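Fold and contact review
One letter stands for each residue in the lines below.
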Amino acid sequence: MGIRVLMVCHVLVLSLAAQYTNAVTFRASIEQSQWDLESSPFFCRLRQVVPSFGLASFVHEAGERAYFELSPTHKGAYKGRVKLVAEASPWQPGTAPAVIGQVDVDAQSGKILAKPDYASQMLASLYKGMSPTFTMLNWLGTGQDVRVALSSANFQRTYKDYITCVDNLLPVNYRQVARTAVLFPPAQWRLSDATKERLDTIAQYVKTDKQVTSIYVDGHSDNAGRRLLNRDLSKQRAEEVTRYLVTQGIDEDMLTTRYHGERYPVVANNSKANRARNRRVTVRLERD
């Protein structure tokens, strides 16, 4: 059985090679191959120019997994799905290709997008010296196949800097903290350890992102008990969150604290689970 599998794999490799013999290939030569890194606490972008085609980028945003995008110079040049295979680089004769999968072309931007699982495989293959290659069949309806290959030449050196950048990313991005709700047990206003950890993350982000200029803290309650007591409870909750953010280094002038009692439930107070969702303080960040 093992010999049969090897024979099938060998046939597939030969089939791939024959299929792509007459395709037009865009790839940086060893002399042209350059990987550049753009880094910040918010994202890491590892890029290579593919001569005569466009720009290849691995993008790792804070709080997310890395993804890949290939941006062609000529928008809308190709539509549909594209084959992605990690192939041997020109200096690796005899190395078998590894099929990664098929990726989509974004209909609006014309970018070829690879999801995080595929991006991870591409990075691993580049580190091994292989060449992730996209194959587009029947380019522009001409019957000509086009291949776009990333060069691994000079990759490892920049990849080390990329990993350092990833290690220093913030734990979250703006979308993940711009609107946050922390919950409270019935009749309670003290902060739990989990709530403090979440507020620590928000404070860390705000102190790094200088575009954040305002923070709105709004206290809420469920409808259990008297309305005036609920209003006071929502006030205590909001003020406790505000005090904690200040202890974590947030400028008091950035903070606006409000409380609303039971007036603005996110769901109807008709079950235990729903009332738990309404006992909350929301923290909203605003940028310039």
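Please read all numbers here as calculations on a predicted model, not as lab measurements.

Considering the overall build of the protein chain
- Secondary structure assignment for the protein chain yields seven helices and 14 strands.
- Residues classed as buried in the protein chain amount to 43% of the 288 residues present.
- Within the protein chain, contacts between residues separated by at least 24 positions form 67% of all contacts whose residues are at least 6 apart in sequence.
- Working note: accessible area of the protein chain is about 15600 Å², and carbon and sulfur atoms make up 52% of it.

With respect to the sheet that holds strand β5 (residues 67-72)
- Pairing within the open sheet is mixed, and its 10 strands lie in the order β1-β10-β9-β6-β7-β8-β5-β4-β3-β2. Strands with a single pairing partner mark the edges of an open sheet, and in this sheet they are β1 (24-26) and β2 (36-39). Put simply, the sheet's adjacent strands are angled 25° from each other on average, direction ignored.
- With four bridges joining them, strand β9 (residues 131-136) and strand β10 (residues 146-149) adopt antiparallel strand pairing.

A closer look at helix α6 (residues 227-247)
- With 21 residues, α6 should reach 30 Å at 1.5 Å per residue; the first-to-last C-alpha distance of 31 Å fits that figure.
- Looking at α6, one finds that the buried residues are Asn 230, Leu 233, Ser 234, Arg 237, Ala 238, Glu 240, Val 241, Thr 242, Tyr 244 and Leu 245.
- On the buried face of α6, the contacting elements are β11 (179-183), α5 (193-208), β12 (212-219), β13 (255-259) and β14 (280-287).
- Just beyond α6, the residue with positive phi is Gly 249, at close to 95°.

Some remarks on the packing of helix α2 (residues 116-127) against helix α3 (residues 155-167)
- Two elements in contact, α2 and α3, have axes separated by 9 Å at closest approach and are oriented at 135°. Classified by the angle between their axes, α2 and α3 sit oblique to one another. For the pair formed by α2 and α3, the contact residues are Leu 123, Leu 126 and Tyr 127 on the first element and Phe 155, Gln 156, Tyr 159 and Tyr 162 on the second.
- When its residues are assigned to classes, the contact of α2 with α3 shows six nonpolar, one polar and no charged.

Rules behind the numbers
- Residues numbered from 1 in each chain as written.
- Predicted model: local features only at pLDDT ≥ 70, side-chain atom pairs only at ≥ 80, totals over all residues.
- Heavy atoms only, no water.
- Helix = DSSP H or I, 4+ residues; strand = E, 2+ residues; numbered from the N terminus.
- Buried < 20%, exposed > 50% of the residue type's maximum accessible area, 1.4 Å probe, protein only.
- Contact = heavy atoms within 4.5 Å.
- Areas by Shrake-Rupley, 256 points an atom, 1.4 Å probe, with all protein chains shown as cover.
- Pairing = 2+ DSSP bridges.
- Axes fitted to C-alpha atoms, helices over the stretch in contact; angles between N-to-C directions.
- Expected span 1.5 Å × (residues − 1).
- Parallel < 35°, antiparallel > 145°, perpendicular 65-115°, else oblique.
- Nonpolar A, V, L, I, M, F, W, Y, C, P; charged D, E, K, R; others polar.

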